[in-house]
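The primary structure of each chain is shown beneath.
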Amino acid sequence: MKKPIATHLYEPDRAAYPDHQGVRPCLHCPLPKANRVHTPPDTADAQAEHLRRIGDDQ
């Protein structure tokens, strides 16, 4: 039986090729960005910093 993946922040794997939609898998797990294990940070400032770090801050 597989152990469930703990929730964590999404960080794109820059070494992996993007999929057909241009989304890279997570650095910590093989799952795409839109998955329930990828939880956003709690505060607005932390969310903005995380989005800036992953390049999704448009």
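Residues numbered from 1 in each chain as written. Predicted model: local features only at pLDDT ≥ 70, side-chain atom pairs only at ≥ 80, totals over all residues. Heavy atoms only, no water.

**Side note on the overall build of the protein chain**
What the protein chain contains, in helices and strands, is one helix and zero strands. The C-alpha extent of the protein chain, read off along each of the three principal axes, is 40 × 25 × 15 Å. A total of 58 residues make up the protein chain; the buried ones form 19% of that total. Of the contacts made within the protein chain by residues no fewer than 6 positions apart, 35% connect residues no fewer than 24 positions apart. (Helix = DSSP H or I, 4+ residues; strand = E, 2+ residues; numbered from the N terminus. Buried < 20%, exposed > 50% of the residue type's maximum accessible area, 1.4 Å probe, protein only. Contact = heavy atoms within 4.5 Å.)

**Description of the side chain of H8**
With respect to the helices, strands and loops of the structure, H8 is situated in the segment before α1 (44-54). Its relative accessible area of 15% is what places H8 among the buried residues. At a separation of 3.3 Å, a polar atom in the side chain of H8 contacts the side chain of H38. When residues no more than four places from it in sequence are discounted, the contact partners of H8 are C26, H28, C29, V37, H38 and T39. (Polar contact = N/O pair within 3.5 Å; in protein donor to acceptor, adjacent residues only side chain to side chain.)

**Quick notes on the environment of T43**
Examined against the element boundaries, T43 turns out to sit in the segment before α1. Taking C-alpha positions, T43 is 26 Å from P30, a pair spaced 13 residues apart along the chain.

**Notes on the state of the cysteines**
Under the criterion given, the structure shown has zero disulfides. Here C29 stays free of any disulfide, with the sulfur of C26 as its closest cysteine sulfur at 4.1 Å. By relative accessible area, which is 8% here, C29 ends up buried. (Disulfide = S-S within 2.5 Å.)

**Describing the environment of P25**
Relative to the elements of secondary structure, P25 occurs in the segment before α1. It is 8.7 Å that separates the C-alpha atoms of P25 and Y10, two residues lying 15 residues apart in sequence. Once residues lying within four places of it in the same chain are set aside, the contact partners of P25 are Y10, E11, P12, D13, A16, Y17, P30 and L31.

**Let's talk about the side chain of H38**
For H38, the position within the fold is in the segment before α1. Of note is the side chain of H38, whose polar atom sits 3.2 Å from the backbone oxygen of K33. Not counting residues within four places of it along the chain, the set of residues in contact with H38 comprises H8, L9, Y10, C26, C29, L31, P32 and K33.

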